[in-house]
Amino acid sequence: MTAESISPAAKGNAQAVRGALGGRSLVLVGMMGSGKSSIGRRLAAVLELPFSDADLAIEQAAGMPVEDIFAIHGEPYFRDGEERVIKRLLQTGPQVIATGGGAVLSAKTRAEIAKNGVSIWLKAPVDLLLQRVSRRDNRPLLKTADPRGVLTRLLSEREAFYAEADLVYESRDCPHETAVEEILPLLSSYLGNAGAGKDAPAPNLDERKHAG
Ligand code: S3P
């Protein structure tokens, strides 16, 4: 998906979003399997912005895969690195950033995202998450006999943090291109209203856009 391959309406929205973002980045939050990296990469292409995957940036900084960071150093070490990497990425906006599913557990990261980003929660039901995560087996928290149980528990622990995002996109089983076409007007409308600038008032939660 490129800026050329989208509909004229989506292209117009992309231009409006790109202009209204200023130096802020678009930050995708949500559970493992919600499509943050796949959708983020496509969104970045359409917006003609750089794309960063926070997990990949952590792997580059640590010189090893996420799985090994968890196995060798433990989850708290990973979370420290995650906090530092996301803070750094947010300082070089605008770009599109896909965060790891647990990034929002950090209050510092949530504050950095609120300050330097426009955030979108890719909200998906556990059935869809399970279907998507089962395509790969590289997620340390899901190396368990009961991935459904773990996903259900993590979602209930994190839901309130994801809900702090500026926008919520209700994800369903559709092509990522469709998700991008649907997210662009949400963003355009949000940025054209409450989110137009750094000094704009905080959005009224009741006015946040839902789709899906
Ligand atoms: C995690 C999600 C993963 C990765 C790590 C921990 C989590 O990222 O950061 O395995 O705690 O939910 P994705 O959400 O990109 O799979």
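Residues numbered from 1 in each chain as written. Predicted model: local features only at pLDDT ≥ 70, side-chain atom pairs only at ≥ 80, totals over all residues. Heavy atoms only, no water.

## A short note on the overall build of the protein
In terms of helices and strands, the protein carries nine helices and five strands. Ordered by position in the sequence, the α and β elements of the protein form the string α-β-α-β-α-α-α-β-α-β-α-α-β-α. Its C-alpha atoms give the protein a radius of gyration of 16 Å, near enough to 17 Å, the size a compact globule of 212 residues would have. Principal axes of the C-alpha set define a box for the protein whose edges measure 45 × 35 × 35 Å. For the protein, buried positions account for 47% of its 212 residues. (Helix = DSSP H or I, 4+ residues; strand = E, 2+ residues; numbered from the N terminus. Rg over C-alpha atoms; globule rule 2.2 N^0.38 Å. Buried < 20%, exposed > 50% of the residue type's maximum accessible area, 1.4 Å probe, protein only.)

## Describing the pairing of strand β1 (residues 25-29)
Working note: regular strand, side chains alternate between the two faces of the sheet. For β1, the tally of buried residues reaches five of five residues, placing the bulk of the element in the interior. Neither face of β1 is open: one carries Ser25, Val27 and Val29, the other Leu26 and Leu28, and all of them are buried. Pairing between β1 and strand β4 (residues 117-123): five bridges, direction parallel. Opposite Ser25, over in β4, you have Gly117 as the bridge partner. Bridging between β1 and strand β3 (residues 96-98) involves three bridges; their strand directions are parallel. (Pairing = 2+ DSSP bridges.)

## Quick notes on the environment of Leu142
Locating Leu142 in the fold gives a position in the loop between α7 (126-133) and α8 (147-162). Overall, the relative accessible area of 13% leaves Leu142 in the buried class. On a C-alpha basis, the gap between Leu142 and Leu130 in space is 9.9 Å, while along the polypeptide they are twelve residues apart.

## Some remarks on the side chain of Ser52
Structurally, the position occupied by Ser52 is in strand β2 (residues 51-53). The exposure class of Ser52 is buried, given its relative accessible area of 14%. Within the local environment of Ser52, its side chain forms a polar contact with the side chain of Gln95, the two groups lying 2.6 Å apart. With residues up to four places along the chain from it excluded, the contact list for Ser52 reads Leu89, Gln95, Val96, Ile97 and Ala98. (Polar contact = N/O pair within 3.5 Å; in protein donor to acceptor, adjacent residues only side chain to side chain. Contact = heavy atoms within 4.5 Å.)

## Some points on the pattern of salt bridges
Per the counting criterion, the structure on display carries nine salt bridges. Linking Glu75 and Arg79 is a salt bridge whose minimum nitrogen-to-oxygen distance equals 2.9 Å. Taken together, the residues span about one helical turn, with Glu75 and Arg79 both in helix α5 (residues 75-90) at a distance of four residues. For Arg79, the salt bridge goes to Glu82, with nearest N and O atoms at 2.8 Å. On the criterion of helical spacing, the pair formed by Arg79 and Glu82 is a turn pair, its members being three residues apart in helix α5. Arg79 gets classed as buried once you look at its relative accessible area, which sits at 17%. (Salt bridge = Lys/Arg side-chain N within 4 Å of Asp/Glu carboxyl O.)

## Comments concerning unusual backbone geometry
Trans is the common state for peptide bonds, and a negative phi is the common state for residues other than glycine. In this structure, the amide linkage connecting Gly93 to the following residue, Pro94, adopts the cis form with an omega of 0°. Counting through the fold element by element, Pro94 comes out in the loop between α5 and β3. The phi dihedral of Glu48 is positive, around 55°, even though this residue is not glycine.

## Section: the site of the ligand
Taken together, 13 residues sit near the ligand, with Lys36, Asp55, Arg79, Arg139 and Arg158 positioned nearest. Here Arg79 contributes a side-chain N or O atom positioned 2.6 Å from an oxygen atom of the ligand. Taking Arg158, its side chain carries an N or O atom lying 2.7 Å from an oxygen atom of the ligand. For the ligand, whose free accessible area comes to 390 Å², the fraction covered by protein is 95%. Along the lines of polarity and charge, the residues of the shell around the ligand split into five nonpolar, three polar and five charged. (Near = heavy atom within 4 Å. Areas by Shrake-Rupley, 256 points an atom, 1.4 Å probe, with all protein chains shown as cover. Nonpolar A, V, L, I, M, F, W, Y, C, P; charged D, E, K, R; others polar.)

## Some words on the sheet that holds β4
An order of β2-β3-β1-β4-β5 is seen for the five strands of this open sheet, with the pairing classed as parallel. Looking at the sheet topology across the chains shown, the edges are occupied by β2 and β5 (167-170). Here the strands of the sheet are splayed against their neighbours by 20° on average, with no regard to which way each runs. The sheet contact formed by β4 and β5 spans four bridges and is parallel. Across the sheet, residue Trp121 finds its bridge partner in β5, namely Val168. Relative to the sheet, helix α9 (residues 176-192) contacts β1, β4 and β5, its axis offset from that of β5 by approximately 155°. (Axes fitted to C-alpha atoms, helices over the stretch in contact; angles between N-to-C directions.)

Everything listed here is a matter of geometry and, on its own, says nothing about what the molecule does.
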